[in-house]
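# Residue-level structure breakdown
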Amino acid sequence: MTTIESSSGTATVDAGDDAIVAAVESVAGWLTTTDHKRIGRMFVGTGLVGALAAAVVGIVLGIERADSSAFVIEAGALQQLFEAQRLALSFGTLLPLAIGLCLAAVPLQLGARSLAFPRLALTGFYTWLGGMVLSIVALANNGGAGGGDEQMVELSLAALGLMSIGIAAAAGSVATSVFTTRAPGMTMRRVPLFSWSALVASLGFLLVLPVLLGAIIFLFVDHRNAQLVFGGPLGISPWIDWFFTQPTSYLAAIPAIGFAAEMIPVTFNRRQVMRGVTFAGIAFVAVGALAGSTQQQIHDLNFDTSSDVFVRDLVPFLIFNGLPVLGVVIVMGLGALTAMKARPSLNAPFVFGFLGLGMIFVGMLGGLAYPIRDLELVGTVFEEGSVTYVTYGTVLATLGAITYWAPKWWGRLVPTKAVMPLAGLGLLATVLATLPYYIAGFLDQPGAFESSGGTLFDVSPAANYADSGVNTVWSVLVLVGHGLLALTVVAFIGLLLKTATGSGEAAGDDPWNAHTLEWAATSPAPADNYADVPVIRSAEPLLDLKPGSDS
């Protein structure tokens, strides 16, 4: 009996040890992975957390703005909250979601067995993540632009530089993959729309982020010494704000636009009309990168001026602010032509992508209106609404992309009946979190920065608003929108966890009746994607193999 009990106990211990070893190996495998699908999911997962954080900060600021009788937040903390919101929307949400989707999906679409420079992409993730953690620490200790602690201000600048380096490293890996790892027969004209958008966005990041990094270095050196050139902590924002607003923020929305464009021919089972022109439309959106290379936040336009000055201002205004809008119009117009006289097979990815594209477009229209001086929108919450439109629209499209490619990552479908209502909830959340600030902007509700001096508020924003109570209504609606967006993200993460842990319907290799190459791989796709590198002869290789395909 003793021998039996001893053996049983030993077996239990051995089984426990095996489980611990397996768990450690699994964690180590993720931390040191070179599988592009895992690296991309790490970016996307943290980007969803960033979206949740942005929504929570939006709720807090909404409460502060809606409270006209008392200070909900200490005046000294408002600067850090506004900085946290801007950081969460850009480096916390837009950039990781964009680059994560590109890393996770592009090599599969290209027919590649691996990502170019996967260790560089993984290093980029850790560099970006480390910078984000340091940014949070700095903001929590009175750092950031306008912060009162000099060491924390310098830490926030260094952290911003780290995040820029990390995203640039991952973008370089994506761009190199598109240029060098395509399957035989896949010319640049045959690259899938999403992969093309990934290339355009990555090249835009590689153009803009070094400029941002250079500005950060100048600001850091000046702040570290006499603070005579850039004006110390309060002088930081005017030199780097161009990165956090329109039109530079459009760069991170380009993969979302590419995904929405790709879902149209899949949903309507048609070949994309005028693919080359669609490519050009996506590229037009990347003109926003020029705003970064010139370090200009807005190229404004004043109708009340002489004709020669008006023409001089009109050209850069149309190039920097108009071409990105034209690019989305081209994508949407050609998508409509593709869908004509076809019967759609509606699916959750298409609904998310379509709604997300619409929200991005409305945000870009706001970015087009904001620089017009006659509208008197500069310094109001209108700009915040425009940026949030683009960000939350990108989040919606990203949720659709995750739903679309989930079979290649986990081998299972995200439950359609459960995820489809989240598209409507996300749309409502986006509209409530943004449209009221479009209206309030025309009512002169001040934004994070006063229009006169460009300095942050030193009192509660509620004290700066009209006593009529109208602006308070808009602030309440906005905080409700942020709350609904947070609910949407939390519910979606819950569905993903169920899918990743084996719940839900098992997916076949091509559950969407798709057109592009990744759906020729097994579901889930192995670490090296393909046993044999496929050869393709058109831009829609899977559609060619289906009976009655539209030629």
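Residues numbered from 1 in each chain as written. Predicted model: local features only at pLDDT ≥ 70, side-chain atom pairs only at ≥ 80, totals over all residues. Heavy atoms only, no water.

Below, the discussion takes up the confidence of the model for the protein. Of all residues in the protein, 88% have pLDDT values of 70 or greater, and the mean over the chain is 87. In the model of the protein, helix H1 (residues 2–31) stands out as the element of lowest mean pLDDT, 64, in contrast to helix H5 (residues 150–180), which has the highest, 97. Counted against residues more than four places away or in other chains, residues 1–9, with its pLDDT under 50, gives zero contacts. Note on residues 449–468: pLDDT under 50 across the span, and 46 contacts to partners over four residues away in sequence or across chains. (pLDDT = per-residue confidence, 0-100. Helix = DSSP H or I, 4+ residues; strand = E, 2+ residues; numbered from the N terminus. Contact = heavy atoms within 4.5 Å.)

Two side chains that carry opposite charge are able to pair once their charged atoms sit near each other. Taken as a whole and assessed by the stated rule, the structure comprises seven salt bridges. A salt bridge links Arg 224 to Glu 154; the shortest N-O distance between them is 2.9 Å. Within this pair, whereas Arg 224 is found in helix H6 (residues 193–224), its partner Glu 154 is found in helix H5, the two being separated by 70 residues in sequence. Residue Glu 154 is classed as buried on the basis of its relative accessible area, which comes to 9%. In this structure, the salt-bridge partner of Arg 271 is Glu 540, at a minimum N-O distance of 2.9 Å. With Arg 271 in the loop between helix H8 (250–268) and helix H9 (275–285) and Glu 540 in the loop between helix H15 (470–500) and helix H16 (541–544), the pair connects residues that are 269 residues apart, well separated along the chain. You'll find Arg 271 and Glu 540 in the same group, each marked buried. (Salt bridge = Lys/Arg side-chain N within 4 Å of Asp/Glu carboxyl O. Buried < 20%, exposed > 50% of the residue type's maximum accessible area, 1.4 Å probe, protein only.)

You can see Arg 41 is positioned in helix H2 (residues 36–66). Look at Arg 41: it is buried, it has no salt bridge, and the nearest opposite charge is Asp 35 at 5.1 Å. Setting aside anything within four residues of it in sequence, one finds Arg 41 in contact with Trp 30, Ala 104, Trp 409 and Trp 410. (Lys, Arg positive; Asp, Glu negative; His and termini not counted.)

What follows concerns helix H11 (residues 307–339). For H11, the principal kink sits at Gly 322 and spans about 45°; a proline, Pro 324, occurs within the next four residues. Positioned one or two residues after H11, Lys 341 has a phi angle of 60°, which is positive. (Bend = angle between axes of the 7 residues up to and from the residue.)

Here we take up the packing of aromatic side chains. To describe a pair of aromatic rings, you give the distance between the ring centres and the angle between the ring planes. One pass over the structure, following the stated rule, counts 25 aromatic pairs. An angle of 20° between the planes, with centres 5.3 Å apart, marks the rings of Phe 91 and Phe 243 as stacked. Placement of Phe 91 in helix H3 (residues 75–110) and of Phe 243 in helix H7 (residues 237–244) is noted, with a sequence separation of 152 residues between them. For Phe 243, a relative accessible area of 7% gives the class buried. Ring-pair connections join several aromatic residues into one group, and the members of that group are Phe 194, Phe 259, Tyr 404, Trp 405, Trp 512 and Trp 519. (Phe/Tyr/Trp six-rings, centres within 6.5 Å; stacked < 30°, edge-to-face > 60°.)

Here we come to the environment of Ala 168. Position of Ala 168 among the secondary structure elements: in helix H5. The contacts of Ala 168, once residues within four sequence positions are left out, are Leu 206 and Leu 209.

Our focus in this paragraph is helix H13 (residues 382–410). The end-to-end C-alpha separation of H13 is 41 Å, in line with the 42 Å expected for 29 residues at 1.5 Å each. Along H13, the sharpest change in direction is near 45° and occurs at Tyr 404; proline Pro 407 comes one to four residues later. Burial of H13 is extensive: 28 of the 29 residues sit out of reach of the surface. Looking one or two residues past H13, Gly 411 carries a phi angle of roughly 80°, positive in sign. (Expected span 1.5 Å × (residues − 1).)

Across soluble globular proteins, nonpolar side chains have a tendency to be buried as a group. The biggest cluster of nonpolar side chains holds 144 residues, and the ones touching the most others in it are Phe 43, Phe 91, Phe 205, Phe 243, Tyr 404 and Trp 405. Considering each element in turn, this core owes the most residues, 18 residues, to H3. Dropping the residues within four chain positions of it, Tyr 404 is found in contact with Phe 259, Met 263, Val 266, Pro 349, Trp 512, Ala 514, Glu 518 and Trp 519. (Core = buried A, V, L, I, M, F, W, Y, C linked by side-chain atoms within 4.5 Å.)

Let us now look at the packing of helix H12 (residues 348–369) against helix H14 (residues 416–442). The N-to-C vectors of H12 and H14 enclose an angle of 5°; their axes lie 9 Å apart at closest approach. It follows that H12 is roughly parallel to H14 by the angle criterion. Seen from H12, the contacting residues are Ala 348, Val 351, Phe 352, Leu 355, Met 359, Val 362, Gly 363 and Gly 366; seen from H14, they are Val 419, Met 420, Leu 422, Ala 423, Leu 427, Thr 430, Val 431 and Tyr 438. When the residues that make up the contact of H12 with H14 are grouped by side-chain class, the tally is 13 nonpolar, three polar and no charged. (Axes fitted to C-alpha atoms, helices over the stretch in contact; angles between N-to-C directions. Parallel < 35°, antiparallel > 145°, perpendicular 65-115°, else oblique. Nonpolar A, V, L, I, M, F, W, Y, C, P; charged D, E, K, R; others polar.)

Below, the discussion takes up a nonpolar patch on the surface. Together, Leu 207, Leu 290, Val 311, Val 315 and Ile 319 make up a nonpolar patch on the protein surface, roughly 380 Å² of accessible area in all. Examining the composition of the nonpolar patch, we find that three residues originate from one element, H11, more than from any other. Locating Val 311 in the fold gives a position in helix H11. With relative accessibility at 49%, the residue Val 311 sits in the partly exposed group. (Patch = residues over 30% accessible without salt bridge, like charges linked within 9 Å, V, L, I, M, F, W, Y side chains within 5 Å. Areas by Shrake-Rupley, 256 points an atom, 1.4 Å probe, with all protein chains shown as cover.)

Note that the residue after Gln 246, namely Pro 247, is joined by a cis bond; omega there is 0°. Its identity as a non-glycine residue notwithstanding, Met 274 has a phi of 50°, on the positive side. Within the secondary structure, Met 274 is located in the loop between H8 and H9. For Met 274, a relative accessible area of 45% translates into the label partly exposed.

Let's shift gears to the packing of helix H4 (residues 118–140) against H5. Taken N-terminus to C-terminus, the directions of H4 and H5 make an angle of 160°; their axes are 7 Å apart at the nearest point. Accordingly, the angle class assigned to the pair H4 and H5 is roughly antiparallel. Like other packed secondary-structure pairs, H4 and H5 cross with a definite hand, here left-handed. Its residues assigned to classes, the contact of H4 with H5 shows 17 nonpolar, seven polar and no charged. (Left-handed = near helix turned anticlockwise from the far one by under 90°.)

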